[in-house]
Each structure stands twice: as structure tokens, then as C-alpha cells.
Amino acid sequence: MAEILLLNGPNLGQLGTRRPEMYGTTTLAEIERDVRKTVAESGHTVRCLQDESEATLVRAVHAAADCVGAIVNPGALMIAGWSLRDALESFPGPWMEVHLSNVFAREPFRHNSVISPLASGVLCGLGAYGYQLAALGLVHRLAQDAARSAGPAGSGPGAAVGAPGPGHGHGLGTGSGAGRAPGPGAT
Ligand SMILES: O=C1C[C@@](O)(C(=O)O)C[C@@H](O)[C@@H]1O
């Protein structure tokens with residue numbers, strides 16, 4: 001079964017009691033349980049890790065090279081987590097960035113995430129439900145990628161217009177050319 005990495009950064013283990021007016025009352029254990037349920041239908045399992053230390057998160061990304069995709073809430077490492085950013089840059093599959101709160105409606109120092117430009121998708125402001133939507137989006141994206149590589153000759157990765165390029169494809173993968181970074185060989 002294909003595994004998905006669910007990575008949560010500093011302070012996210014406190015969900016449930018940490019600033020409930022901002023982050024809600026759902027605990028991280030409940031979020032992890034619900035993500036497992038959400039992706040089980042498509043045959044995926046979930047490897048969960050939360051840690052306060054960037055080094056541990058970086059190691060977890062390195063060790064997850066066998067995972068098909070990832071969901072990442074970097075917490076405050078969104079602001080200056082350059083090592084985490086570089087580790088995610090080498091992660092082979094698509095991954096989604098999640099923030100429970102709407103970071104754009106908060107302090108200006110939260111308005112730029114160093115990892116967002118590399119993410120396949122970014123969800124914020126949806127509370128704990130954002131993780132479920134990220135999981136659905138990731139599974140959808142994985143199915144699209146699989147269909148593309150199993151498609152008729154000439155439609156494999158790198159051949160289709162709008163196919164994902166390095167950085168795991170930031171477009172919708174519809175072949176409509178919506179991608180920001182066309183893949184090698186794309187016109
Ligand atoms: O720890 C967090 C939580 C957060 O990632 C969120 O999920 O809304 C937003 C970050 O700015 C903050 O440092």
C-alpha cells in the first residue's frame with residue numbers, strides 16, 4: 001500500500017488546547033485519525049510525525065523518500081524554515097502545505113511561507129478540515145499522475161502540455177497548460 005507522510009511542525013502537538021479561538025479544539029491525534037480514514041478509501045496509509053525540532057522534521061522528510069506524497073503543516077517554520085524547505089525541495093512526490101488559520105489575515109510576518117512556492121497546493125484558514133481537504137487533493141493529484149503515466153504513448157510525463165515540471169507540478173495537471181512550470185519536453 002502506498003504511504004503518505006503527514007508532517008506537523010513546532011507547537012502543533014498542542015492542538016486542542018493551544019489558542020482554541022485561533023486553531024479550534026480538534027486535537028492532532030483526531031486530525032491524524034481523520035486523515036487516515038480519508039485516504040484509506042484510495043488504499044493509502046499514513047505515516048504521522050509531529051516534532052518541535054526542524055532537524056527531526058528534515059530527517060523525517062529524508063526518510064520518507066518511499067512515500068508517494070505528503071501533507072505538511074510547518075507551523076512557524078513557514079517563516080524561516082530554510083532547512084525544511086530544502087528537504088522538501090528534494091521530496092520526490094507531490095505535497096500539500098496546510099495551515100489551520102488564515103495566515104494572510106494575521107500578523108505580516110506570517111504572510112510569506114518559504115515552503116509555499118514548492119508546494120503542489122496550499123490550504124489555509126479551514127481549520128482542522130483543511131487537512132482532510134489536503135488529503136483529498138493529494139489523493140486526486142496522485143491518481144491524475146498515475147493516469148498520466150499509464151496513458152497512451154506520447155502522453156507520459158514530460159510529453160503532455162502542462163505536465164508537471166520539476167517541483168512536482170504546480171498546475172492542475174489537466175493538460176490545459178495551467179501549470180506554472182512545464183515539464184521537460186513540454187512545449
Ligand atoms: O504554528 C502555527 C500554526 C500555523 O501553521 C497554522 O496551522 O495556522 C500558522 C503558523 O503561522 C503558526 O506559527
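Rules and cut-offs
- Residues numbered from 1 in each chain as written.
- Predicted model: local features only at pLDDT ≥ 70, side-chain atom pairs only at ≥ 80, totals over all residues.
- Heavy atoms only, no water.
- UniProt positions renumbered as here; feature names shortened; annotations may be inferred.
- Buried < 20%, exposed > 50% of the residue type's maximum accessible area, 1.4 Å probe, protein only.
- Helix = DSSP H or I, 4+ residues; strand = E, 2+ residues; numbered from the N terminus.
- Arc of directions from axis to C-beta.
- Contact = heavy atoms within 4.5 Å.
- Near = heavy atom within 4 Å.
- Polar contact = N/O pair within 3.5 Å; in protein donor to acceptor, adjacent residues only side chain to side chain.
- Areas by Shrake-Rupley, 256 points an atom, 1.4 Å probe, with all protein chains shown as cover.
- Nonpolar A, V, L, I, M, F, W, Y, C, P; charged D, E, K, R; others polar.
- Salt bridge = Lys/Arg side-chain N within 4 Å of Asp/Glu carboxyl O.

As annotated in an unreviewed UniProt entry, the protein chain carries the name 3-dehydroquinate dehydratase and is attributed to Streptomyces californicus. Recorded in UniProt under Catalytic activity (unreviewed entry), the annotation for the protein chain is "3-dehydroquinate = 3-dehydroshikimate + H2O". The protein chain has a UniProt comment under Subunit (unreviewed entry) that states "Homododecamer."

Peer 1: Just to check I follow, could you spell out helix H5 (residues 82–89) for this structure?
Peer 2: An α-helical segment advances 3.6 residues per turn. Residues three or four places apart therefore align on the same side. Listed as buried for H5 are Leu-84, Arg-85, Ala-87 and Leu-88. Seen end-on, H5 carries its buried residues on one side only, within an arc spanning 165 degrees. Along its buried surface, H5 packs onto strand E1 (2–8), helix H3 (54–63), strand E3 (69–73), helix H4 (77–80) and strand E4 (95–99).

Peer 1: Explain the site of the ligand to me, please; I cannot follow it from the model alone.
Peer 2: Arg-18, Tyr-23, Asn-73, Gly-75, Ala-76, Met-78, His-99, Leu-100, Ser-101, Val-103, Arg-106 and Arg-110 make up every residue found near the ligand. Residue Asn-73 places a side-chain N or O atom 2.8 Å away from an oxygen atom belonging to the ligand. Alone, the ligand offers 320 Å² of accessible surface; in the complex the protein occludes 99% of this. Its residues placed into classes, the shell around the ligand shows 5 nonpolar, 4 polar and 3 charged.

Peer 1: Just checking my understanding: could you explain the pattern of salt bridges for this structure?
Peer 2: A side chain with one charge can pair with a side chain of the opposite charge if their charged atoms come near. Tallied over the full model, the rule gives 10 salt bridges. With its nearest N and O atoms 3.0 Å apart, the salt bridge here joins Asp-66 to Arg-47. One end of the pair, Asp-66, is in the loop between H3 and E3; the other, Arg-47, is in strand E2 (residues 44–50), and 19 residues separate them in sequence. Its salt-bridge partner being Arg-141, residue Asp-145 comes within 3.0 Å of it at the nearest N-O pair. In this pair, Asp-145 and Arg-141 are both assigned in helix H6 (residues 129–150), 4 residues apart and thus about one turn of the helix distant.

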